[in-house]
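# Residue-level structure breakdown
Spelled out, the chains give:
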Amino acid sequence: MQKAESKKNWSMTSSAFQGVLKWLDEGADSGGEKYLEMRRRLVAFFDRKNCLNADELADETLNRVARRLEEEGKIESETPAKYCYITARFVFMESLRGADKSEVALDEVLYNQPDKSLAEKESSDEKEKMLQCLEECTNNLDEVNRDLIFRYYYGKEREKIESRRTLAQDLRITINALSIRACRIRDKLEDCVKKCVG
């Protein structure tokens, strides 16, 4: 129990951070580029899983990798990228177990289909305010980004996948590049809605 508690309270030190940088570089100094690239890839991974806090989960993944490196000195069982993704899957599963049930995915708000448990808890005034703020924030986006975010979240399941594939083709970018763009727009919208709702 004490070991689990100490892991929970662990924070990355300068030496642990340097250890991760060296480990990701695999002997060739990238000046931190490999770390930034891995973090971007992890954010995209969590975004594809529709995590609202993709950045935080990516940071938690890299913190866990750093902690293991600090505790054991090395990780040789997998390549750095593969080990990071294995760790990310565990972080994702834990995030599902501990998810705040009051959080609503942006696509649910966009299409006015909030989670039933949330609908029962919140007053209609609060929901109305949130939807007004979302509409206002969406209208403040430039036309290209507004079109992109609506098309990105259009449909359900298979229809959504096909819609995203078509959108990526229309923009002449990869699906991964599209998810990163959508993530940035969604982050802006979420910040704007939080400020608006207060």
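Residues numbered from 1 in each chain as written. Predicted model: local features only at pLDDT ≥ 70, side-chain atom pairs only at ≥ 80, totals over all residues. Heavy atoms only, no water.

A separate point is the nonpolar core. Of all hydrophobic cores here, the largest spans 27 residues; its most connected members are Trp23, Leu24, Leu42, Phe46, Val65 and Cys84. Of the residues forming this core, the biggest block, seven residues, is contributed by helix 4 (residues 54-72). Those residues in contact with phenylalanine 46, other than ones at most four positions away along the chain, are Cys51, Ala54, Leu57, Ala58, Thr61, Ala88, Val91 and Phe92. Ile149, Leu178, Leu189 and Val193 belong to the second largest nonpolar core, which has 15 residues in total. (Core = buried A, V, L, I, M, F, W, Y, C linked by side-chain atoms within 4.5 Å. Buried < 20%, exposed > 50% of the residue type's maximum accessible area, 1.4 Å probe, protein only. Helix = DSSP H or I, 4+ residues; strand = E, 2+ residues; numbered from the N terminus. Contact = heavy atoms within 4.5 Å.)

So, on to helix 11 (residues 175-197). Helix length check: helix 11 (23 residues) gives 32 Å between terminal C-alpha atoms against 33 Å at 1.5 Å per residue, within 8%. The complete set of buried residues in helix 11 reads Leu178, Ser179, Ala182, Cys183, Ile185, Arg186, Leu189, Glu190 and Val193. Remark: glycine 198 follows helix 11 within two positions and exhibits a positive phi of approximately 80°. (Expected span 1.5 Å × (residues − 1).)

Our focus in this paragraph is the confidence of the model for the protein chain. Mean pLDDT over the protein chain works out to 79, with 81% of the residues at or above the 70 mark. Summarising per-element confidence for the protein chain, the mean pLDDT is lowest in helix 1 (residues 2-8) (49) and highest in helix 3 (residues 33-48) (90). (pLDDT = per-residue confidence, 0-100.)

The phi angle at asparagine 50 is positive, at roughly 60°, despite the residue not being glycine. Counting through the fold element by element, asparagine 50 comes out in the loop between helix 3 and helix 4. Of note, the phi angle at arginine 172 is positive, near 60°, even though the residue is not glycine. Along the chain, arginine 172 turns up in the loop between helix 10 (157-171) and helix 11.

This paragraph deals with the state of the cysteines. Overall, the coordinates contain two disulfides when judged by the stated rule. The residue that forms a disulfide with cysteine 133 is cysteine 196, at a sulfur-sulfur distance of 2.0 Å. In this structure the cystine formed by cysteine 133 and cysteine 196 twists about its S-S bond by roughly -70°; its chirality is therefore left-handed. Of this pair, cysteine 133 sits in helix 8 (residues 124-139) while cysteine 196 is found in helix 11, placing the two residues 63 residues apart along the sequence. Take cysteine 133: its relative accessible area is 2%, and that puts it in the buried class. What pairs with cysteine 137 in a disulfide is cysteine 192, and their sulfur atoms sit 2.0 Å apart. As the torsion about the S-S bond is roughly -80°, the cysteine 137-cysteine 192 disulfide counts as left-handed. In this pair, cysteine 137 sits in helix 8 while cysteine 192 sits in helix 11, placing the two residues 55 residues apart along the sequence. Owing to a relative accessible area of 4%, cysteine 137 belongs among the buried residues under this scheme. (Disulfide = S-S within 2.5 Å.)

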